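Understanding the architecture of this molecule
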Amino acid sequence: MLMLKKFVKCRPKSRFGLTYQRDLNVAIIGQSTFAAEVYKLLLKNGHRVVGVFTILDKGNRQDPLAAVASENNTPVFKIKSWRKGENALPEIVAQYKKVDAELNVLPFCSQFIPMEVIEHPKHKSICYHPSILPKHRGVSAINWTLMNGDKEAGFSIFWADDGLDTGPILSQKSCPVLPDDTVDSLYNRFLYPEGIKSMAEAVDMVANGTAPVIPQSTEGSSFEPSVRKKALQKVDWSRSGVDIQNFIRGLDSSPGAWTIINETEVKLYKSSIWTNETPTGEQVTVDTIQFPAIVHSNGLLITCNDGLKINIERLSVDGKMISASNYGNADTIQETIDYTDQEKAYIPVVESIWKNILNQDIEKDTHFFQSGAGSMDVVRLIEEIKDKLKFTLKNDDVYMFPVFSDFCNTLVKRSRGSTDDNIRVEYDPVVVDINNMKLQFAKQLFINGQFVDSESGKTLECINPADESVICSIQCASEADVDQAVIAASRAFGGEWSEMSPRDRGAVLYKIADLLDKNREELATIESIDSGAVYTLALKTHIGMSIDVWKYFAGWADKIHGQTIPISHARPNRNLTFTKKEPFGVCGIITPWNYPLMMLSWKMAACLAAGNTVVMKPTEVSPLTALKFAELSVEAGFPAGVLNILPGLGSEAGRAIAEHPDIRKVGFTGSTATGHAIMKASAESNLKKVSLELGGKSPLIILDDCDLDKSVRMSMGGVFFNKGENCIAAGRVFVESSIHDKFIDKVVEEVKKIKIGNPLERDTHHGPQNHKAHLEKLINYCKKAKNEGAQLKIGGKRVDRPGYYFEPTVFTGVEDHMFIAQEEAFGPIMAVTKFSSSDLDAVIKRANSTDYGLSSGIFTKDINKALRFAEKIDAGTVFINTYNKTDVAAPFGGFKKSGFGKDLGEEALNEYLKTKCITVEY
């Protein structure tokens, strides 16, 4: 709000035809960091700031506008008051007139400015107001925008007149109010950055004679009082829960809504509507509410009189900010941290920033707010640390740790990738005692950082394939749940996740890798009981490679860049062309059941490293490690909404992801038929980018000059690894005729040694197939192979015991026309074909004769034959004298009906990035 006194209404003549100039002599009247940024941008745009009129110093602290103007040798006038009583002070007005300004710019001004000053310049005066006028006139416009529950916020730049924020409009901009917006978030996200740019644009329009003059409407006008009066800050618990939530966030972070808790006055901050189940915790009494509030691990849960629950994360008690989850506990002392030499170098930088803001010497016990800092100083502190140290902190880090030594500890912990200690997400856990440990995991959907029930209430049963018992029932996502997840992911992409520096995002990825490692045994056990994976294999591969993937892509997060490109110049001018790599935004990921956590990691790590947010559907038959991952993601520090995990059916949740108009990229691993459906849905919806890793019938060729024992061992691994439930399984083995029989004898002999059994037993080699339908498919697959003439050497049937166990199987005499030669088994079935060595090209042609091209391999000591095979085989991966040797740094993906696009390696990042080309002429 602009306060004006003793006005005579007069429209600036320059709006009606005087000659305009390109650059203006501007006087800036006001204060704050906002005004300082406007000052800097006006100078950058070529205008001359002939004088700055601001407030007196507070103690030793001068206003940021005064500080930046002094550095640039701009005349600074620190005015206690422009008037005495109702009259302008002549000496102050005379001082102002001497600077000879052509336009007054008032970015933020708390003083009464006489109309004699407002009307003096040739182009008069323009003001910034943080509301969409005529709504919310007054000094607390941002607060009332939120307190009234407005769906839209914004600002106005208007021509000053003799009313109270009533002058004609020059420009206005608006933005949606997000469900979790506060005064700080709304200001930092939109009103501050866009307001600065718009003030500079408004000055340019005045200079160019294009500034509009639009009379304010009286329709919808409102004026609200200042919220600085304490009586206006007290929560009225008789109102509806939604009104109370709007009231609390409308006063967050300044001046703060207050209430009485256990007969003590407390201020409430960081509130949100709670949709989870009611947690357990210590009960406290809140003012006049009939229900007791609950102090729990994520805050203070208050049930309003209409039943709506509001969670409060921060409290101010006796002027000290604390985590609401610690209310009633004794004060805690911050842990002692040993700094590295590099971290010690941060401290003088932070001390310098604090000193410049507070304008005083800094001691270990200096209190940021008790030294006079306000909410705008918090913004400045965060931005200067980001600029000078390349760390992104949160406003909460300042509010929770306002003492210098504590703040430095917090900064160092953030630089190491650590987040708040003991951050946990609330959920109703499934608890299972198994494998000498107590497992605990969620059974709900994970949306916007919380575990929630599906809107439909439908559930899915999770079956342990080792004994066919029901582990638990989990929530089944609907199309409406996908919509909610996309909204959350969109909000996160437009907010905190994109505001973090790439290095800070990488630190979060490193943190989740560390947490996966810390919980390796629990994750491997969950993977085993949910998917049938052998525990020892799950430790090494399912979980071990997942950890490696997150570490690998964490390292890539701050190394994504474009190029400069030489182009022909537009003579006599010159051109510069460069590219930028940018994230798509919200991406959809749909993963299969053979490696539940590893497939999640392969896709999601690259996606998040690129800066996207995610809506992910794990397989409905093995979703439990994905839900455990969601729980750990909160502890790792992923902001709410960055990743959302929705177990559900492909026909509903998967389809909704593929068709959703706000998802711009889908990554899928699964069957070729489903890949077709996803590609069609993606094309018909919004032409979203798609990457597909689909079926395979990978050929493995064994030449007679190979190391036979190694070939047998690796061929068996190529077929039977992970019970044959392996994308790149060697679906067809071609063995040279001269060694064929010996090869088969050795394979059969080794198959007999494979121990089939409980996947949790440490000496088990071969566990159950993932689910019943797949087991039945394998049984039918073998029947068809025998009916078509393939010769069964061993296995081929279900094991006679509870569980979905299938015997490792070997067929010989497989011919090209047979079903077993053309279609993927995705199980422990070796299909062997004999061939003559006289024509390598002929066997390569047979290997290429399927519709698939995911992987391939050859065993030979002849490097010429090996390289010829690598050149001619139509597959995305070629193994020579090895098999199944994947690595997080090596790109993985297929050709033909095996799909397109890559997981892993640097190439995987390109699946989640778009390239923008920018050309400048100068």
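My aim in this report is to walk through the structure given alongside it, one point at a time.

Thresholds applied
- Residues numbered from 1 in each chain as written.
- Predicted model: local features only at pLDDT ≥ 70, side-chain atom pairs only at ≥ 80, totals over all residues.
- Heavy atoms only, no water.
- Salt bridge = Lys/Arg side-chain N within 4 Å of Asp/Glu carboxyl O.
- Helix = DSSP H or I, 4+ residues; strand = E, 2+ residues; numbered from the N terminus.
- Buried < 20%, exposed > 50% of the residue type's maximum accessible area, 1.4 Å probe, protein only.
- Expected span 1.5 Å × (residues − 1).
- Contact = heavy atoms within 4.5 Å.
- Phe/Tyr/Trp six-rings, centres within 6.5 Å; stacked < 30°, edge-to-face > 60°.
- Lys NZ or Arg CZ within 6 Å of the ring centre and 35° of its normal.
- Axes fitted to C-alpha atoms, helices over the stretch in contact; angles between N-to-C directions.
- Parallel < 35°, antiparallel > 145°, perpendicular 65-115°, else oblique.
- Left-handed = near helix turned anticlockwise from the far one by under 90°.
- Nonpolar A, V, L, I, M, F, W, Y, C, P; charged D, E, K, R; others polar.
- Core = buried A, V, L, I, M, F, W, Y, C linked by side-chain atoms within 4.5 Å.
- Pairing = 2+ DSSP bridges.
- Arc of directions from axis to C-beta.
- Polar contact = N/O pair within 3.5 Å; in protein donor to acceptor, adjacent residues only side chain to side chain.
- Right-handed = clockwise from strand over helix to strand, strands pointing away.

**Focus on the pattern of salt bridges**
- Across all of its chains, the model carries 43 salt bridges by this definition.
- For the salt bridge of glutamate 102 with lysine 122, the shortest nitrogen-to-oxygen distance reads 3.7 Å. Linking glutamate 102 in the loop between helix H3 (90–97) and strand E7 (103–106) with lysine 122 in the loop between helix H4 (115–118) and strand E9 (125–129), this pair joins segments that are 20 residues apart in sequence.
- Ionic pairing is found between lysine 580 and glutamate 582, a salt bridge with its closest N-O pair at 3.4 Å.
- When its relative accessible area of 16% is taken as the criterion, glutamate 582 is described as buried.

**Quick look at helix H21 (residues 672–685)**
- Between the first and last C-alpha of H21 there are 20 Å, a value that for 14 residues agrees with the 20 Å anticipated at 1.5 Å per step.
- Every buried residue of H21 is accounted for by Thr672, Gly675, Ile678, Ala681 and Ser682.
- Looking at the buried positions of H21, the neighbouring elements they touch are strand E27 (586–590), helix H20 (650–659), strand E30 (665–669), strand E31 (689–693) and strand E37 (852–853).
- Positive backbone phi, approximately 55°, marks leucine 687, located one or two places after H21.

**Some words on the packing of aromatic side chains**
- Summed over the entire model, instances satisfying the criterion amount to 23 aromatic pairs.
- Plain terms: the ring middles of tryptophan 593 and phenylalanine 826 are 5.3 Å apart, the flat faces sit at 85° to each other, and that makes the pair edge-to-face. Linking tryptophan 593 in the loop between E27 and helix H18 (596–609) with phenylalanine 826 in the loop between helix H25 (819–822) and strand E36 (829–835), this pair joins segments that are 233 residues apart in sequence.
- Classification of tryptophan 593 as buried rests on a relative accessible area of 17%.
- The exposure class assigned to phenylalanine 826 is buried, which follows from its relative accessible area of 15%.
- For the cation-ring pair, lysine 234 lies above tryptophan 258, with the distance from its terminal atom to the ring centre recorded as 5.4 Å.

**Focus on the packing of H18 against helix H19 (residues 624–636)**
- Relative orientation of the contacting elements H18 and H19 amounts to 55°, with a least axis distance of 8 Å. Judged on the interaxial angle alone, H19 and H18 are oblique. Judged by the twist between their axes, the crossing of H18 over H19 is right-handed. Between H18 and H19, the residues in contact are Pro596, Leu597, Leu600 and Met604 and Thr625, Ala626 and Phe629, respectively.
- In terms of residue class, the contact of H18 with H19 is built from six nonpolar, one polar and no charged.

**Some thoughts on the nonpolar core**
- Membership of the largest hydrophobic core comes to 106 residues, with the highest contact counts inside it found for Trp550 and Phe638.
- When near neighbours in sequence (up to four residues on either side) are disregarded, tryptophan 550 contacts Leu509, Ile512, Ala513, Leu516, Leu600, Ser601, Met604, Ala605, Leu608, Phe629 and Phe638.
- Counting residues in each nonpolar core, the second largest holds 43 residues, with Val52, Tyr128, Phe155 and Ala207 among its members.

**Considering the pairing of strand E28 (residues 613–617)**
- Counting buried residues along E28, five of its five residues qualify, which places the element largely inside the surrounding structure.
- The two faces of E28 match: Thr613, Val615 and Lys617 on one face and Val614 and Met616 on the other face are all buried.
- Of the strand pairs in this sheet, E27 and E28 are connected by five bridges, and their pairing is parallel. Note that in E28 the partner of isoleucine 589 across the bridge is methionine 616.

**Quick look at the side chain of glutamine 245**
- Here glutamine 245 lies in helix H7 (residues 241–250).
- Given a relative accessible area of 3%, glutamine 245 falls into the buried group.
- Setting aside residues no more than four positions away along its own chain, glutamine 245 makes contact with Pro179, Ser271, Ser272, Ile273 and Ile310.

**Things to note about helix H26 (residues 840–847)**
- Of all the positions in H26, only Leu840, Val843, Ile844 and Ala847 are classed as buried. For H26, the angular spread of the buried residues around the axis is 105°, confining them to a single face.
- Contact partners of the buried residues in H26: strand E32 (699–702), strand E33 (732–736), E36 and helix H27 (863–872).
- Near the N-terminus of H26, the side chain that reaches the backbone nitrogen of aspartate 841, with its oxygen 3.1 Å away, is that of aspartate 839.

**Focus on the pairing of strand E38 (residues 855–859)**
- For E38, the tally of buried residues reaches five of five residues, placing the bulk of the element in the interior.
- Side chains of E38 alternate between two faces, with Ser855, Gly857 and Phe859 and Ser856 and Ile858 buried alike.
- Here E32 runs beside E38; their pairing, made up of three bridges, is parallel. From the neighbouring strand, leucine 700 faces E38, where its bridge partner is glycine 857.
- Pairing of E38 with strand E39 (residues 877–880) involves four bridges; the strand directions are parallel. Note on E39: the bridge partner recorded for serine 855 is threonine 877.
- Remark: the E38/H27/E39 crossover connection has right-handed handedness.

**Some details on the sheet that holds strand E35 (residues 809–812)**
- In spatial order, the strands read E34-E35-E36-E33-E32-E38-E39; together these seven strands make up an open sheet with mixed pairing. Each end of this open sheet is capped by a strand with a single partner; those strands are strand E34 (791–794) and E39. Here the strands of the sheet are splayed against their neighbours by 20° on average, with no regard to which way each runs.
- Bridge analysis of E32 against E33 gives four bridges, and the strand direction is parallel. Its bridge partner lying in E33, proline 699 is registered against arginine 732.
- Against the sheet, helix H23 (residues 737–751) contacts E32, E33, E34, E35 and E36, and its axis sits at roughly 130° relative to E33.

**A few points about the packing of helix H9 (residues 346–358) against helix H10 (residues 375–389)**
- One way to put it is that H9 packs onto H10 with a least axis distance of 10 Å and a crossing angle of 145°. H10 is crossed by H9, and the crossing has right-handed handedness. Residues Tyr346, Val349, Val350, Ile353, Trp354, Asn356 and Ile357 of H9 pack against Asp377, Arg380, Leu381, Glu384, Ile385, Lys388 and Leu389 of H10.
- Class assignment for the residues of the contact of H9 with H10 results in nine nonpolar, one polar and four charged.

**A short note on unusual backbone geometry**
- Here the amide bond leading from leucine 133 into proline 134 is cis, since omega sits at 15°, within 30 degrees of zero.
- As for its position among the elements, proline 134 is in the loop between E9 and helix H5 (141–147).
- One non-glycine residue, phenylalanine 826, lies in the positive phi region at around 55°.
- Even without being a glycine, lysine 896 presents a positive backbone phi close to 50°.

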